[in-house]
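This is what each chain is made of:
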Amino acid sequence: MTISTPSRARRTRKTRAETSEAIRQSLFLAAAVVVGKHGYADASISRITQAAEVAHGTFYNHFESRQDLFEQLLPALGGMLLNHVTGAVASKSSAPEREDARLKAWFSFLEEHPEFYRILNEGEVFVPDVFRQHVGHFGAGYLRTLRRAKERGELNDFTDEELEPVAYILLAARAYLTFRYGRSEDAAAPVPDPVFSAYRKLLKHGLFAADAAKPDPADKEG
């Protein structure tokens, strides 16, 4: 008996589960772009499926409703942002250098995913529970970061109770710097260098003043 060998095309064919997941991801990414461009209110299922290049009815094979999809956007993009920032900070040694890297990573993430800014800002109205969870998750993460910095002797001027307000002050700084400098009419325009140098000096001579006399590798950056 001769056993035939499956062709290469047959061996590499996607399974039904893989195809389904690919379509789901396509819908998800299309929704992010549509919400980023039109806002939650005008991000219709028709616009999303058209952007994903799938049939209207296919949407309901993957999401219960438009709201169901909306409630998954912010957590997913928030996870991507967290991974992006964590990777950028991993190799940094001093506290001011790490904060500088966090701000730069925030803006570089927005360059790659400009839709995130609108998804986040409108989330307070359209997905309030998810928005509160997102803010709480990032606030708690920043608080853990500051506690580790204090354990290393980098935040001696602050009590444990003061670290949480500091975490939210730093998060708020990102939001307003983005509103002023990260939403240029020219989408390709880089964030001006003085934004980063001013932020770094403010933290070095304020938040991390105890370390101000030590050489900071971040000051050597152009």
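Regarding its fold elements, the protein chain presents nine helices and zero strands. Element order for the protein chain, N to C, with α for helix and β for strand: α-α-α-α-α-α-α-α-α. In the protein chain, which comprises 222 residues, the share counted as buried stands at 37%. Surface summary for the protein chain: the accessible area is close to 13,300 Å², and the carbon and sulfur share equals 53%.

Formed by 56 residues in total, the largest nonpolar core has its most connected members in Leu73, Phe116, Ile119, Leu146 and Leu170. Elements supplying a minimum of two residues to this core: helix H2 (16-38), helix H3 (45-52), helix H4 (66-89), helix H5 (95-112), helix H6 (115-126), helix H7 (128-151), helix H8 (160-181) and helix H9 (193-207). Setting aside its immediate chain neighbours within four residues, leucine 170 contacts Glu99, Tyr142, Leu146, Tyr199, Leu203 and Leu207.

The next subject is the environment of asparagine 61. Residue position: asparagine 61 is located in the loop between H3 and H4. On the basis of relative accessibility, which here comes to 61%, the residue asparagine 61 falls in the exposed class. Distance from asparagine 61 to arginine 24, taken between C-alpha atoms, is 8.7 Å for residues 37 residues apart in sequence.

Bringing H4 into the picture now. With 24 residues, H4 ought to run about 34 Å at 1.5 Å a step, and its terminal C-alpha atoms sit 35 Å apart, in line with that. Those residues of H4 not exposed but buried are Leu69, Phe70, Leu73, Leu74, Leu77, Gly78, Leu81, Val85 and Val89. Buried residues along H4 sit against H2, H3, H5, H6 and H7.

With that settled, consider the pattern of salt bridges. Applying the stated criterion across every chain, the model contains eight salt bridges. Put simply, aspartate 100 and arginine 200 hold a salt bridge, and the shortest N to O gap is 2.9 Å. With aspartate 100 in helix H5 and arginine 200 in helix H9, this residue pair connects regions lying 100 residues apart in the sequence. Taking relative accessible area as the criterion, aspartate 100 reaches 2% and is therefore assigned buried. Arginine 200 sits in the buried class, given a relative accessible area of 8%.

A few words now on unusual backbone geometry. Positive phi values are uncommon outside glycine, yet glutamate 53 reaches one of about 60°. One can find glutamate 53 in the loop between H3 and H4.

Mean pLDDT over the protein chain stands at 87; residues scoring 70 or higher make up 86%. Across the protein chain, element-level confidence peaks in H3 with a mean pLDDT of 96 and bottoms out in helix H1 (residues 8-11) with 50. In the predicted structure, residues 1-9 sits below a pLDDT of 50 and forms two contacts with residues beyond four places in sequence or in another chain. Below pLDDT 50 for its whole length, residues 212-216 participates in eight contacts with residues either more than four positions away or in separate chains.

It is worth spelling out the side chain of histidine 62 at this point. With respect to the secondary-structure elements, histidine 62 resides in the loop between H3 and H4. By relative accessible area, which is 16% here, histidine 62 ends up buried. With sequence-adjacent residues up to four places away left out, histidine 62 is seen in contact with Ser20, Ile23, Arg24 and Leu27.

The next thing to look at is H9. Its 15 residues place the ends of H9 21 Å apart at the C-alpha level, agreeing with the 21 Å of an ideal helix rising 1.5 Å per residue. Of all the positions in H9, only Val195, Phe196, Tyr199, Arg200, Leu203, Lys204 and Leu207 are classed as buried. All buried residues of H9 project into a common sector of 150° when viewed along the axis, lining one side. H9 presents Asp193, Pro194, Lys201, Leu202 and His205 as exposed residues on the side facing more than 90 degrees away from its buried surface. Buried residues in H9 make contact with H5, H7 and H8.

Looking now at the packing of H4 against H7. Close contact between H4 and H7 brings their axes to 9 Å; oriented N to C, the two are set at 15°. In terms of their interaxial angle, H4 and H7 are classed as roughly parallel. In this structure, H4 crosses over H7, and the sense of that crossing is right-handed. Listed contacts from H7 to Glu71, Leu74, Pro75, Gly78, Leu81 and Leu82 of H4 are Val130, Phe131, His134, His137 and Phe138. Of the residues contributing to the contact of H4 with H7, the split by class is seven nonpolar, three polar and one charged.

Definitions and limits used
- Residues numbered from 1 in each chain as written.
- Predicted model: local features only at pLDDT ≥ 70, side-chain atom pairs only at ≥ 80, totals over all residues.
- Heavy atoms only, no water.
- Helix = DSSP H or I, 4+ residues; strand = E, 2+ residues; numbered from the N terminus.
- Buried < 20%, exposed > 50% of the residue type's maximum accessible area, 1.4 Å probe, protein only.
- Areas by Shrake-Rupley, 256 points an atom, 1.4 Å probe, with all protein chains shown as cover.
- Core = buried A, V, L, I, M, F, W, Y, C linked by side-chain atoms within 4.5 Å.
- Contact = heavy atoms within 4.5 Å.
- Expected span 1.5 Å × (residues − 1).
- Salt bridge = Lys/Arg side-chain N within 4 Å of Asp/Glu carboxyl O.
- pLDDT = per-residue confidence, 0-100.
- Arc of directions from axis to C-beta.
- Axes fitted to C-alpha atoms, helices over the stretch in contact; angles between N-to-C directions.
- Parallel < 35°, antiparallel > 145°, perpendicular 65-115°, else oblique.
- Left-handed = near helix turned anticlockwise from the far one by under 90°.
- Nonpolar A, V, L, I, M, F, W, Y, C, P; charged D, E, K, R; others polar.

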